[in-house]
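The residues making up each chain are set out below.
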Amino acid sequence: MKGTEAFQELLPLIKDDEPVVHANGFICRESFALKDRKANFYMIGSMGLASSIGLGVALCKPEKKVIIIDGDGNVLMALGTLAMIAAEAPENLFHVVIDNEVYESTGSQRSLSGKVQLEEIAKSSGYKNVFRVEKKEDVKPQFLRLKELPGPNFLLIKVEPCFDHSTGRVTHTPEEITERFMEAVG
Amino acid sequence: MPSLTSQSFIKRLIQEDYKFFTGVPCSLLSGLIYELEDQQEARYIPAVREDAAVGLCTGAYLAGARPVMLMQNSGLGYSLNAFTSLNLIYHIPMLVIMSWRGKDGKDAPEHIIMGDIDKQLLQTAGMEYSLLNEGNCDSVLQKAKKKIGEEKLPYTLIVEKGLFDERH
C-alpha cells in the first residue's frame, strides 16, 4: 500500500472536532493535500515532537479522542515519549504511525524501522492495544477498532515509500495553525 | 525563614493559574518538584528529555492549559530546536523554570560552559528571561504574564543555587 492510500483510508474516519497532531515531513503534506481541517495541527519542524504534543492535548482534553499521525523517523527520534504516553496512559490517545522505513522527505535515506519493530516497543512500553497492518483492506477496520477501545492505543501501518514530491506544502502560517487548532479544539 | 520557599513559590504559581507542570529534574529544583507532587490542584508529569517536555507543554497550551516546564540549564541544548522551530514561530507560550548550574565557573566540569553561555543562548534566540530572587517574585511573574498572555511567547525564570531548598 502507498502512503497516500493509507491516508485515503484513514482521513474519512476522523470526525471534524477530533484533534489530530501530525508529524513533520510528508505526513503533514499528505494529510493537508487530501483533507485540510481546522482541528489538524501541522508541524513544519520539531521532528519527534508530534507524540509529546499529542500527549499534552490528550491530558488536557480527556473528553476528546486525540489522534497522533506520526512517522517512523519521528517515533525513533522520540522513543522515550512512548514511555511517557504509556506511563500517563490517557485513554483518549490514539497513536497512528505511517511506517515507510525511510526518511522520505529528505531523499529516502533508510530509517531503522526496517529492522526494529516499533509496535513491539509500543507494546512493551505499556500501550493498551497495539496492531500492525500491512494490507490496505485492514486499515479501516483496525483503525476504527482501536479508535473505540480505551487507550493509549498504537496502530502501525506499513507503507511503500512513494511520496509524490509535487504534493504541496502546508500553506497556513504557523500562527494560523495554532489559532485554528485552538478554536477547533475549544 | 526565607520569604520565598519552594512551597510559597509553587502556591504562587498555582494562584497565577499555572497548573500543568512537566520537566526533567535538577537538584536545584528538587524542592519545587517535590512540592508539586503534593499538590491537588496541579499536576507534574515527569518528562524523559527536555524537548519532550517542550512538546508536552505545547500540547497542553493548545488544549487550554498554562504550562510550566522545569529543567536544568543543560537541557537548554536539547530544547532549543523545539523553541526555535515550534514555540517561537507558532506563538505557543510557556513558563520555563531553568536552574543555573555552572555559575561563575564554580561547579562540576560538565556545567561550566553551559553555565557561562546559557543566558547568551536565550538572548540570541530572542527568548526573554529574568533571574528570580527572594525579592522580585511579583515583578518577574508580572513580566512572564505579559510575555505569555499578550505576546504568546515563552518566558524563562532562572534559578540560582540556594534560592530553593534541595531535597536529596
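Here's a quick rundown of the structure. (Residues numbered from 1 in each chain as written. Chains lettered and ligands numbered in written order. Predicted model: local features only at pLDDT ≥ 70, side-chain atom pairs only at ≥ 80, totals over all residues.)

## Notes on the pairing of strand S1 (residues 20-23) of chain B
Residue and element names in this part refer to chain B.
Logical step 1: The side-chain alternation of S1 yields two buried faces, one formed by Phe-20 and Thr-22 and the other by Phe-21 and Gly-23.
Logical step 2: Looking at chain direction, S1 and strand S2 (residues 43-46) are connected through 4 bridges and run parallel. Bridging across to S2, Gly-23 finds its partner in Pro-46.
Logical step 3: Considered for its hand, the β-α-β crossover made up of S1, helix H2 (residues 30-37) and S2 is right-handed.
Logical step 4: Where S1 meets strand S3 (residues 67-72), 4 bridges bridge the pair, whose relative direction is parallel. Among the inter-strand pairings, Phe-21 is bridged to a residue of S3, identified as Val-68. (Buried ≥ 20, exposed ≤ 12 C-beta atoms within 10 Å, placed from the backbone. Helix = DSSP H or I, 4+ residues; strand = E, 2+ residues; numbered from the N terminus. Pairing = 2+ DSSP bridges. Right-handed = clockwise from strand over helix to strand, strands pointing away.)

## Notes on the pairing of strand S4 (residues 93-99) of chain A
Residue and element names in this part refer to chain A.
Logical step 1: Within S4, 7 of the 7 residues are buried, leaving the element largely enclosed by the surrounding structure.
Logical step 2: Bridge count for strand S3 (residues 66-71) against S4 is 6 bridges, and the pairing is parallel. Residue pairing across strands places Asp-70 opposite Val-97, the latter belonging to S4.
Logical step 3: Strand direction decides the pairing type here: S4 and strand S8 (residues 153-158), joined by 6 bridges, are parallel.

## As for helix H2 (residues 26-34) of chain A
Logical step 1: For H2 of chain A, the set of buried residues is Phe-26, Ile-27, Cys-28, Arg-29, Glu-30 and Ser-31 of chain A.
Logical step 2: Contacts from the buried residues of H2 of chain A go to helix H1 (3-10), strand S1 (20-22), strand S2 (40-42), S3 and S4 of chain A. (Contact = placed C-beta atoms within 7 Å.)

## Overview of the packing of H1 of chain A against H2 of chain A
Residues and elements named next belong to chain A.
Logical step 1: Relative to each other, H1 and H2 sit at 50°, their axes nearing to 10 Å. By the angle between their directions, the pair H1 and H2 is classed as oblique. H2 is crossed by H1, and the crossing has right-handed handedness. Facing Gly-3, Thr-4, Phe-7 and Gln-8 of H1, the residues of H2 in contact are Phe-26, Glu-30, Ser-31 and Leu-34.
Logical step 2: Split into classes, the residues belonging to the contact of H1 with H2 amount to 3 nonpolar, 4 polar and 1 charged. (Axes fitted to C-alpha atoms, helices over the stretch in contact; angles between N-to-C directions. Parallel < 35°, antiparallel > 145°, perpendicular 65-115°, else oblique. Left-handed = near helix turned anticlockwise from the far one by under 90°. Nonpolar A, V, L, I, M, F, W, Y, C, P; charged D, E, K, R; others polar.)

## Some words on the interface of chain A and chain B
Logical step 1: In this complex, chain A contributes 26 residues to the contact, which on the side of chain B involves 25 residues.
Logical step 2: Breaking the side of chain A that touches chain B down by element, the ones donating at least two residues are helix H3 (50-60), helix H5 (79-88) and helix H8 (174-185) of chain A.
Logical step 3: The element that contributes the greatest number of residues to the side of chain A that touches chain B is H3 of chain A, accounting for 8 residues.
Logical step 4: Of the residues belonging to the side of chain A that touches chain B, the class tally is 15 nonpolar, 8 polar and 3 charged.

## Points about the nonpolar core
Logical step 1: Judged by nonpolar contacts, the single largest core of 109 residues is most densely connected at Ile-157 of chain A together with Val-68 and Val-159 of chain B.
Logical step 2: With 8 residues, the single largest contributor to this core is helix H3 (residues 50-62) of chain B.
Logical step 3: When sequence neighbours within four positions are dropped, the list of residues in contact with Val-68 of chain B reads Leu-13, Tyr-18, Phe-20, Phe-21, Met-94, Leu-95 and Ile-97 of chain B. (Core = buried A, V, L, I, M, F, W, Y, C linked by C-beta atoms within 7 Å.)

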